[in-house]
There are 2 protein chains.
Amino acid sequence: MVSDNSSIVAALRKRIIDGHYAPGERLAEIPVAEALGVSRTPVRLAFRTLQQEGLLQRVGKRALAVRVFSPADVQCAIEVRGVLEGLAARLLAERGLDPKTRAALLDCLRAGETIVGMAQLSEESIGAWSEVNARFHATIVDADERRVIADAIARNNHLPFASADSIIIERGELDKAHQRLRIAQLHHRLVFDALESGESARVEMLMREHAQIGLRYDSLFKPIE
Amino acid sequence: MVSDNSSIVAALRKRIIDGHYAPGERLAEIPVAEALGVSRTPVRLAFRTLQQEGLLQRVGKRALAVRVFSPADVQCAIEVRGVLEGLAARLLAERGLDPKTRAALLDCLRAGETIVGMAQLSEESIGAWSEVNARFHATIVDADERRVIADAIARNNHLPFASADSIIIERGELDKAHQRLRIAQLHHRLVFDALESGESARVEMLMREHAQIGLRYDSLFKPIE
DNA sequence: ATAGCTACGATTGGATCCAATTTGTTTGGA
DNA sequence: TCCAAACAAATTGGATCCAATCGTAGCTAT
């Protein structure tokens with residue numbers, strides 16, 4: 001049971017990401033509409049949205065199917081997010097940090113470092129850090145009054161793995177996760193310092209590297225000081 | 001009178017870009033449907049698409065209006081295109097030029113240099129060069145079998161000024177245009193050389209600079225040899 | 001006179017109906 | 001036995017109908 005239209009899109013996205021609809025599986029309007037307890041019209045709208053986002057893909061002439069992503073696709077989507085967030089960070093550094101953004105970022109840094117500094121990590125704290133991480137990225141991206149970059153990133157965030165809050169982490173391997181989060185948190189600190197000192201080229205490079213953390217968390221970063 | 005759905009989107013896009021619907025103007029479903037000679041349903045689908053593309057924007061709670069772009073928005077959209085095409089070029093350089101892509105790019109280079117080399121430019125030849133330019137960019141972007149970057153760029157190309165074929169040029173100022181095209185054509189040559197020699201970092205930088213040509217055509221480029 | 005509330009009109013969102021197209025299956029012929 | 005053609009079933013796309021909601025205008029009361 002879903003209420004309004006945007007929640008239908010969200011519900012379908014969730015089902016796709018959760019694997020409820022398998023990659024490659026064909027989606028027809030009527031079964032989906034019945035499953036969601038709505039009529040075909042909003043489902044058609046939602047399909048249109050998801051198709052444009054790239055989560056659904058035409059197969060044959062009329063049918064839609066869940067897009068299958070190869071590992072190479074994932075790598076590529078992460079690169080895209082990296083250059084876009086890098087651009088956002090560079091422009092922010094060039095404009096200079098306004099007090100509000102600076103405060104928000106500092107808040108994220110503090111919250112994140114508190115979590116990461118704990119002796120032992122729980123799954124809850126990993127979730128909490130993920131939330132902080134997402135907020136850190138969103139703050140940088142949304143700092144631009146022109147919504148152009150934010151929109152561009154939003155248009156690509158549909159890819160589950162490409163969104164900033166998907167650092168996640170094989171459940172159970174808490175030690176490895178802790179290590180990874182420590183590195184990511186360090187990245188955040190470096191990014192903030194570069195932002196504050198207006199090192200635009202450097203902050204762009206840092207953000208681009210940081211996007212890769214899901215892939216190479218023992219990354220090229222040389223923690224400086 | 002419009003036939004299928006995608007042509008409705010195209011028709012509306014054209015009307016918006018042509019200024020038939022002014023920036024900020026509110027668009028209601030019924031008048032548009034009547035103007036196009038179709039029912040409300042396909043118009044709603046098209047509105048959804050255009051909204052996601054960013055050409056339409058919600059105003060208030062339900063209404064849609066043609067988005068107004070500030071000069072800063074334009075600058076920003078061009079930056080976005082720059083980093084995305086830069087990424088595409090870098091990945092292409094890292095993979096190496098396959099013969100087919102290489103041939104296509106060389107063809108663009110030859111065609112473009114022929115036009116630019118003419119003594120006098122006409123508006124037709126500017127149009128022809130524009131087409132070659134668009135093909136050059138598309139070849140680089142589409143060279144990746146993974147459609148991820150191409151899709152990401154396509155999702156942003158709706159902004160009229162942000163698409164690669166909008167180098168254009170105040171009609172009448174043919175001399176200035178000629179000069180600008182010469183520079184752009186030189187950029188293409190530099191990009192190709194860097195691609196061929198696998199200088200991935202350099203080609204990325206070149207593409208990013210090249211995207212700015214509409215703004216600063218007396219750009220940072222130092223024509224090398 | 002102004003502010004707030006109510007009611008009506010306009011417009012969007014959802015449901016259902018109808019038409020067109022596609023795809024799969026079955027049957028017949030080579 | 002295999003291929004092709006035609007038919008049937010399913011599914012998408014378009015049109016219309018109905019309901020819900022938003023915005024505005026007008027009226028009333030303080």
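Residue numbers restart at each chain and count upward from 1, following the sequence in its written direction. Chains carry letters and ligands carry numbers; both start at the beginning, A for chains and 1 for ligands, and go up in the order they are written. The predicted origin of the model limits local features to residues at a pLDDT of at least 70 and limits the giving and counting of side-chain atom pairs to 80 or more, whereas totals for whole chains, interfaces and linings rest on all residues. Each side-chain value is derived from all of the structure's non-hydrogen atoms; neither hydrogens nor water enter the calculation.

Draft legend 1. How the structure looks around the protein's contact with DNA strand C. For DNA strand C, the set of nearby residues contains 16 residues, the closest of which are A:Ser39, A:Thr41, A:Arg62, B:Arg40 and B:Arg62. Protein-adjacent atoms of DNA strand C, using a 4 Å cutoff, are sugar or phosphate at a proportion of 52%. The separation between a base oxygen of DNA strand C and a polar side-chain atom of A:Arg62 is 2.7 Å. Here a polar contact is taken to be a pair of N or O atoms separated by no more than 3.5 Å, where protein atoms must pair a possible hydrogen donor with a possible acceptor and residues adjacent in sequence count only if both atoms sit in side chains. Here a base nitrogen of DNA strand C and a side-chain polar atom of B:Arg40 are 2.8 Å apart. For the surface near DNA strand C, the elements supplying multiple residues, two or more each, are α3 (40–53) of chain A together with β1 (26–27) and α3 (40–53) of chain B. Among the elements that take part in the surface near DNA strand C, α3(A) stands out by supplying 3 residues, more than any other. Any residue with a non-hydrogen atom lying within 4 Å of a molecule or strand is treated as near it. The secondary structure listing takes helices from DSSP runs of H or I that are at least 4 residues long and strands from runs of E that are at least 2 residues long, numbered from the N terminus.

Draft legend 2. Geometry of the environment of B:Arg208. With respect to the helices and strands, B:Arg208 occurs in helix α9 (residues 200–211). Between the alpha carbons of B:Arg208 and B:Glu79 there is a distance of 7.6 Å; along the sequence they are 129 residues apart. The residues touching B:Arg208, leaving out its near neighbours within four places in the chain, are A:Arg90, A:Glu204, A:Arg208, B:Gly82, B:Val83 and B:Gly86. Only heavy atoms enter the contact rule, under which two residues are in contact if any of them lie within 4.5 Å.

Draft legend 3. Broad picture of the interface of chain A and chain B. The interface is formed by 35 residues belonging to chain A together with 34 residues belonging to chain B. Approximately 3,000 Å² of surface area, both sides summed, lies buried where chain A meets chain B, with 53% of it carried by carbon and sulfur atoms. Put simply, buried area is the surface a 1.4 Å probe can reach on two separate parts but cannot reach once they are joined, added for both. Considering only the side of chain A, the residues that lose the most area to chain B are A:Arg48, A:Gln52 and A:Arg155, jointly responsible for 23% of the buried surface there. We define a salt bridge as a contact between a side-chain nitrogen of Lys or Arg and a carboxyl oxygen of Asp or Glu at a distance within 4 Å. For the pair chain A and chain B, the interface holds 6 salt bridges.

Draft legend 4. Main features of the pairing of strand β2 (residues 56–59) of chain B. Residue and element names in this part refer to chain B. Should DSSP find at least two bridges between two strands, the strands are regarded as paired. The pairing of β2 with strand β3 (residues 63–66) spans 4 bridges and is classified as antiparallel. Residue pairing for β3: Val 59 is matched across the bridge by Ala 63. The antiparallel pairing of β2 with β3 creates a hairpin that spans 3 residues between the two strands, and Gly 60 there sits at a positive phi of about 65°.

Draft legend 5. Structural context of the sheet that holds strand β2 (residues 56–59) of chain A. Residue and element names in this part refer to chain A. The sheet built from 3 strands is open, its strands ordered β1-β3-β2 with antiparallel pairing. What marks the edges here is a single partner per strand, and that holds for β1 (26–27) and β2. Pairing analysis gives 2 bridges linking β1 to strand β3 (residues 63–66), with the strands arranged antiparallel. Residue Leu 27 lies in a different strand from β3, and its bridge partner there is Leu 64.

Draft legend 6. Quick peek at the protein's contact with DNA strand D. In the neighbourhood of DNA strand D, 16 residues make up the surrounding shell, with A:Arg40, A:Arg62, B:Ser39, B:Thr41 and B:Arg62 lying closest. Between a phosphate oxygen of DNA strand D and a side-chain N or O atom of B:Lys61, the distance comes to 3.4 Å. Take B:Arg62: an N or O atom from its side chain is 2.6 Å from a base oxygen of DNA strand D. For the surface near DNA strand D, the secondary structure elements donating two or more residues are β1 and α3 of chain A together with α3 of chain B. The element best represented in the surface near DNA strand D is α3(B), accounting for 3 residues. Under the grouping applied here, Gly and all other residues not named as nonpolar or charged are polar, the nonpolar ones being Ala, Val, Leu, Ile, Met, Phe, Trp, Tyr, Cys and Pro and the charged ones Asp, Glu, Lys and Arg. Partitioned by chemical class, the residues of the surface near DNA strand D number 4 nonpolar, 3 polar and 9 charged.

Draft legend 7. Structural context of the relation of the copies chain A and chain B. Copies overlap after least-squares fitting; the atoms used are the C-alpha atoms of residues with pLDDT of at least 70 in both. Each copy superposes on the other: chain A lies on chain B with an RMSD of 0.3 Å after a rotation of 180° and an axial shift of 0.1 Å. Accordingly, the operation relating the two chain copies is best matched by a two-fold axis.

Draft legend 8. Expanded view of the sheet that holds β2(B). Residue and element names in this part refer to chain B. With respect to topology, 3 strands assemble into an open sheet ordered β1-β3-β2, the strand pairing being antiparallel. Only two strands of the sheet have a single partner each, and these edge strands are β1 and β2. Packing of α3 onto the sheet brings it into contact with β1, β2 and β3, and relative to β2 it is tilted by some 95°. With axes taken as lines fitted to C-alpha atoms, and helix axes fitted only over the stretch in contact, angles between N-to-C directions fall between 0 and 180 degrees.

Draft legend 9. Representation of the confidence of the model for chain A within the structure. Residue and element names in this part refer to chain A. Confidence of the predictor at the level of single residues is captured by pLDDT, which takes values from 0 to 100. On average, chain A scores 86 in pLDDT, and the residues at 70 or more come to 87%. Element-level mean pLDDT values for chain A span from 88 in helix α1 (residues 5–18) up to 97 in helix α5 (residues 99–116). A low-confidence stretch, residues 164–169 stays under pLDDT 50, and its non-local contacts, those more than four residues away or across chains, total 20 contacts. This stretch, residues 216–225, has a pLDDT under 50; its non-local contacts, to residues over four places away or in other chains, come to 13 contacts.

Draft legend 10. View of the packing of helix α4 (residues 71–95) of chain A against helix α4 (residues 71–95) of chain B. Viewed as axis vectors pointing N to C, α4(A) and α4(B) meet at an angle of 140°, and their least axial separation amounts to 10 Å. Considering the angle they form, α4(A) stands oblique to α4(B). Here the hand of the crossing between α4(A) and α4(B) comes out right-handed. Counting all contacts with α4(A), which are made through A:Cys76, A:Glu79, A:Val80, A:Val83, A:Leu84, A:Leu87, A:Arg90 and A:Leu91, the residues of α4(B) involved are B:Cys76, B:Glu79, B:Val80, B:Val83, B:Leu84, B:Leu87, B:Arg90 and B:Leu91. When grouped by side-chain class, the residues that make up the contact of α4(A) with α4(B) number 12 nonpolar, no polar and 4 charged. Reported orientations rely on four angle classes, namely roughly parallel under 35 degrees, roughly antiparallel over 145, roughly perpendicular from 65 to 115, and oblique for the rest. With the far helix as reference, a near helix turned anticlockwise by less than a right angle produces a left-handed crossing, and one turned clockwise produces a right-handed crossing.

Draft legend 11. The environment of A:Asp107, seen in detail. Secondary-structure assignment places A:Asp107 in helix α5. Within the structure, A:Asp107 has its side chain in polar contact with the side chain of A:Arg135 (distance 3.0 Å).

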